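Observations on chain architecture
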Number of protein chains: 2
Amino acid sequence: MVRQPQINAQNRAPLSIERIIEAALRIVDGQGLGRLTMRRLGDALEVEAMAIYHHLPRGKEQLLDGLVAHVAAAPAAPASPADAASAAAPAGTLRAWARDYRARLLAHAGVLPLVVTRRNPAALTETVASLREVLRRGGVAEDAAAATAHTLLAYVIGHAALEVRNTDEDGADRAVDWDARFDAGLDQILRAS
Amino acid sequence: MVRQPQINAQNRAPLSIERIIEAALRIVDGQGLGRLTMRRLGDALEVEAMAIYHHLPRGKEQLLDGLVAHVAAAPAAPASPADAASAAAPAGTLRAWARDYRARLLAHAGVLPLVVTRRNPAALTETVASLREVLRRGGVAEDAAAATAHTLLAYVIGHAALEVRNTDEDGADRAVDWDARFDAGLDQILRAS
DNA sequence: ACCTGAACACCGTTCAAGT
DNA sequence: ACCTGAACACCGTTCAAGT
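Not measured: the values here are computed from a predicted model.

What counts, and at which threshold
- Residues numbered from 1 in each chain as written.
- Chains lettered and ligands numbered in written order.
- Predicted model: local features only at pLDDT ≥ 70, side-chain atom pairs only at ≥ 80, totals over all residues.
- Heavy atoms only, no water.
- Contact = heavy atoms within 4.5 Å.
- Buried area = accessible area lost by both parts, 1.4 Å probe.
- Salt bridge = Lys/Arg side-chain N within 4 Å of Asp/Glu carboxyl O.
- Polar contact = N/O pair within 3.5 Å; in protein donor to acceptor, adjacent residues only side chain to side chain.
- Helix = DSSP H or I, 4+ residues; strand = E, 2+ residues; numbered from the N terminus.
- Nonpolar A, V, L, I, M, F, W, Y, C, P; charged D, E, K, R; others polar.
- Phe/Tyr/Trp six-rings, centres within 6.5 Å; stacked < 30°, edge-to-face > 60°.
- Buried < 20%, exposed > 50% of the residue type's maximum accessible area, 1.4 Å probe, protein only.
- Lys NZ or Arg CZ within 6 Å of the ring centre and 35° of its normal.
- Near = heavy atom within 4 Å.
- Core = buried A, V, L, I, M, F, W, Y, C linked by side-chain atoms within 4.5 Å.
- UniProt positions renumbered as here; feature names shortened; annotations may be inferred.
- Axes fitted to C-alpha atoms, helices over the stretch in contact; angles between N-to-C directions.
- Parallel < 35°, antiparallel > 145°, perpendicular 65-115°, else oblique.

**Here's the deal with the interface of chain B and chain A**
On the chain A side, the residues contacting the 47 residues of chain B number 49 residues. Of all residues in chain B, Val116(B), His150(B) and Arg165(B) give up the largest surface area on contact with chain A, accounting jointly for 20% of the area buried on that side. Viewed at the interface, chain A and chain B are joined by zero salt bridges. At the junction of chain B and chain A, the tally comes to 10 residue pairs in polar contact (both at pLDDT 80 or more). At the level of elements, helix H7 (112–115), helix H8 (125–137), helix H9 (142–165) and helix H10 (178–191) of chain B are the ones that each hand at least two residues to the side of chain B that touches chain A. Of the residues contributing to the side of chain B that touches chain A, the split by class is 25 nonpolar, 12 polar and 10 charged.

What follows is the structure, encoded as structure tokens:
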């Protein structure tokens, strides 16, 4: 009989960084960032809050870093450079990525304030690099690719921020079609690249 | 002898919302948002923390709303529509405003996470409206003006966010010239409008 | 009207102890 | 190795009290 390391004496799955991050994200999405506390997170995991420190020695700081990484680190292209389709249509790849990335940010709007912080600077590095690579493969020169990658990412993050704040149409009650507006601005930027 | 209402018995200027917001901003800029507490703010104002609640009944929530308003509510044009110069060169007005707005966000980078929250939705309404007005006066159609105003504001906020995180050049150590990069993206967006 | 002081319910984190 | 329980220093906020 092989022992089962994933079940402990109390018949509970042991803690892991993945389970902790997922539970934290569930709290942030459901109740807001302000209600994410170590004690509440412990409750959600059916564990004392102090047990979390065994897996995240840097404590809450490390927890928030993990949330940023989980939400904002989405590459614009598969790691394999053998993907011929994306090389053929870089604008389409960028458009699809931008839509997905925006959807992710809006689905986890509570972590947006964390994305806009100095914390976990490595979280977006991969994303920016993959954007540059897609552009470069599409025939864009190195310097222009670097610039456009930042412009595009800035637009997507900033647009998500405006949507979350729901900045309305100058007081007129007519609602904004954010989906259409996002696509319009996105096309404007991709066209000008 | 006229009594001086601005000096109380302890020879201290009385509290005011303006003085409170300024002191709070000084703490955020100098020590970071995480160190802005009601007690520390009280210390900076040489008052007990509880005195602040007399001026901000909604407490810390209202304090943070005030910080967002103070940093992010900057109109793109003077209130008077008689300013002929801005009507003549809307692109120049927008460019100058965008540069100033970016500088403000970076000067108070600690409040950026607050700007990206649902709090104080009215804080950006005036800004968006003035952007639309500048565009409309420049001959841009109503719908296009509304769309471009959001695209531009999204870009400026998102770019400031990237700068604060200092997302570097894909691991290569060569530093990014953020000023030049901001202007390049800005021109791209204004050209495409 | 404006501010103080004590109190309350919470928070992140440390540390010794259990298994 | 992994988790618990008590403890510590702090936090936002309420409330009765002072002037």
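**A short note on the packing of aromatic side chains**
A full pass over the atoms with the stated rule returns four aromatic pairs over all chains. Taking 4.7 Å as the distance between ring centres and 25° as the angle between the ring planes, the aromatic pair formed by Trp97(A) and Tyr101(A) counts as stacked. With Trp97(A) and Tyr101(A) both in helix H5 (residues 90–107) and four residues apart, the pair spans about one turn of that helix. In this structure, Trp97(A) and Tyr101(A) share a single accessibility class: buried. Between the aromatic rings of Tyr155(A) and Phe182(A), the centroid separation amounts to 5.5 Å while the plane-to-plane angle is 15°, which identifies the pairing as stacked. With Tyr155(A) in helix H8 (residues 142–165) and Phe182(A) in helix H9 (residues 178–191), the pair connects residues that are 27 residues apart, well separated along the chain. One exposure class covers both Tyr155(A) and Phe182(A), and it is buried. Sitting above the plane of the Phe182(B) ring, Arg102(B) keeps its charged end 4.9 Å from the centroid.

**So, the protein's contact with DNA strand D**
In the vicinity of DNA strand D, 17 residues are found, and the nearest of them are Glu48(A), His55(A), Arg39(B), Met50(B) and Tyr53(B). Of all atoms in DNA strand D that approach within 4 Å of the protein, 58% are sugar or phosphate atoms. A distance of 2.7 Å separates a phosphate oxygen of DNA strand D from a polar atom in the side chain of His55(A). Between a phosphate oxygen of DNA strand D and a side-chain N or O atom of Arg40(B), the distance comes to 3.1 Å.

**Some remarks on the nonpolar core**
Counting residues in each nonpolar core, the largest one holds 120 residues, and the members touching the most others are Leu67(A), Trp97(A), Tyr101(A), Leu41(B), Leu67(B), Trp97(B) and Tyr101(B). Those residues in contact with Trp97(B), other than ones at most four positions away along the chain, are Ala74(B), Pro75(B), Ala76(B), Thr127(B), Leu131(B), Leu152(B), Leu153(B) and Val156(B).

**Concerning the UniProt feature "domain: HTH tetR-type" (unreviewed entry) in chain A**
In this numbering, the UniProt entry assigns the feature "domain: HTH tetR-type" (unreviewed entry) to residues 20–65 of chain A. Taken end to end, residues 20–65 of chain A is 54% helix and 0% strand, and its first and last C-alpha atoms sit 12 Å apart.

**Quick look at the packing of helix H1 (residues 17–31) of chain A against helix H3 (residues 60–72) of chain A**
Residues and elements named next belong to chain A. H3 packs onto H1 with a crossing angle of 80° between their chain directions and a minimal axis gap of 10 Å. When the axes of H1 and H3 are compared, the pair comes out roughly perpendicular. Residue-level contacts link Ile20, Ile21, Ala24, Leu25 and Val28 of H1 to Leu63, Gly66, Leu67, His70 and Val71 of H3. When its residues are assigned to classes, the contact of H1 with H3 shows eight nonpolar, two polar and no charged.

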